[in-house]
Amino acid sequence: MEIFISLCTCVQGVFSYIKKKGSASSEAIKIWGCPGKEILPMAKVEIKQPVVDEIKAKVEGAVTIVLVDYRGLTVEQDTRLRKNLREAGCEYKVYKNTLMKRAFEGTDCAQLDALLEGPSAIAISKDDATAPIRILNNMAKEADALEFKAAIVEGNFYDADGVKALASIPSREELISKLLGSLQSPIANFARVIKQIAEKGDGAAEA
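Residues numbered from 1 in each chain as written. Predicted model: local features only at pLDDT ≥ 70, side-chain atom pairs only at ≥ 80, totals over all residues. Heavy atoms only, no water.

A. Focus on helix α4 (residues 97-104). Turning to α4, its buried residues number three or more, namely N97, L99, M100, A103 and F104. Angularly, the buried residues of α4 cover 160° about the axis, an arc narrow enough to put them on a single face. Looking one or two residues past α4, G106 carries a phi angle of roughly 80°, positive in sign. (Buried < 20%, exposed > 50% of the residue type's maximum accessible area, 1.4 Å probe, protein only. Helix = DSSP H or I, 4+ residues; strand = E, 2+ residues; numbered from the N terminus. Arc of directions from axis to C-beta.)

B. Local environment of the packing of helix α3 (residues 75-87) against helix α5 (residues 131-142). Orientation of α3 relative to α5, taken along the N-to-C sense of each, is 160°, at an axis distance of 10 Å. Compared by their axis directions, α3 and α5 come out roughly antiparallel. Judged by the sense of rotation from one axis to the other, the crossing of α3 with α5 is right-handed. Residues Q77, R80, L81, N84 and L85 of α3 form the contact with α5, whose own contacting residues are P132, I135, L136, M139 and E142. Of the residues belonging to the contact of α3 with α5, the class tally is six nonpolar, two polar and two charged. (Axes fitted to C-alpha atoms, helices over the stretch in contact; angles between N-to-C directions. Parallel < 35°, antiparallel > 145°, perpendicular 65-115°, else oblique. Left-handed = near helix turned anticlockwise from the far one by under 90°. Contact = heavy atoms within 4.5 Å. Nonpolar A, V, L, I, M, F, W, Y, C, P; charged D, E, K, R; others polar.)

C. Structural view of the pairing of strand β7 (residues 156-159). Pairing geometry for strand β6 (residues 147-153) and β7, over four bridges, is antiparallel. By the bridge assignment, A150 is partnered in β7 with D159. Hairpin remark: β6 followed by β7, antiparallel, with two residues in the connecting loop; positive phi at E154, about 50°. (Pairing = 2+ DSSP bridges.)

D. Spatial organisation of the pattern of salt bridges. Per the counting criterion, the structure on display carries eight salt bridges. Notably, a salt bridge pairs R80 with E76, separated by 2.8 Å at the nearest N-O pair. Taken as a pair, R80 and E76 lie in helix α3 at a separation of four residues, close to a single helical turn. A relative accessible area of 47% means that E76 is categorised as partly exposed. The residue R134 makes a salt bridge to D128 at a minimum N-O spacing of 3.8 Å. Of the two residues, R134 and D128, neither departs from the other in class, the shared state being buried. (Salt bridge = Lys/Arg side-chain N within 4 Å of Asp/Glu carboxyl O.)

E. Just the side chain of D78, in detail. One can find D78 in helix α3. Judged by relative accessible area, D78 falls into the buried class, the value being 18%. If we ignore the near neighbours within four places in the chain, the residues touching D78 are L73 and Y92.

F. Looking closely at the environment of R102. With respect to the helices and strands, R102 occurs in helix α4. Expressed as a C-alpha distance, the spacing of R102 and K56, which sit 46 residues apart in the sequence, is 9.1 Å.

G. Layout of the nonpolar core. Counting 24 residues, the largest nonpolar core has V66, V68, L81, Y92, I133, L136 and L146 as its most contacted members. Taken together, the elements giving at least two residues each to this core come down to β3 (64-69), α3, β4 (90-94), β5 (121-125), α5, β6 and α6 (160-166). A per-element tally of this core places α5 first, with six residues. Leaving out residues up to four positions away in the same chain, V68 has contacts with Y92, P119, S120, A121, L136, L146, E147, F148 and K149. Core analysis: the second largest hydrophobic core is formed by 18 residues, I55, I65, I124 and A150 among them. (Core = buried A, V, L, I, M, F, W, Y, C linked by side-chain atoms within 4.5 Å.)

H. How the structure looks around α3. Between its first and last C-alpha atoms α3 spans 18 Å; for 13 residues at 1.5 Å apiece the expected length is 18 Å, and the two agree. Its buried side turned inward, α3 meets β4, β5 and α5. (Expected span 1.5 Å × (residues − 1).)

Below you can see the structure in the form of structure tokens.
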């Protein structure tokens, strides 16, 4: 019974304090009737810190971080963009600029700070340096609202024009395919010449 009375006294103290102030203060609320007890509202910094840590973890070790203005994308376009990026092994997230700025402190991504204004989203790749850029560029061709702001590729800063130039670089698979094709061509030609020589040799022997 004593515990119940003490609890009621504590609750009454809280409501009296809030009523007096008009709203909950950002400072610690001292509860009269509960000596040595306080209710400390969770600071905004504590609430946002997990998000900041999440951003840090995602950009750590990334070869490419692309910053874009995504405003104007339709739901269908946004869904398709996320799907294409996901299938290419990339991540695409929308974060508050203030949180990204905090997460970028002390990293190469801090070079993007000046562009963290307005709606911002980041596409991240830890494997293929040009994959997110190519996919975003393809979407931008049909969605004028999607705009490159800048990118960090292997630690280097690229402005919007630089990012568009990188979009023309073939993927790793395309480069390997072209390399194999260029190697196979001389081999095929050599094999054809050898075959022709062998055929001529057989004809001379029969004569």
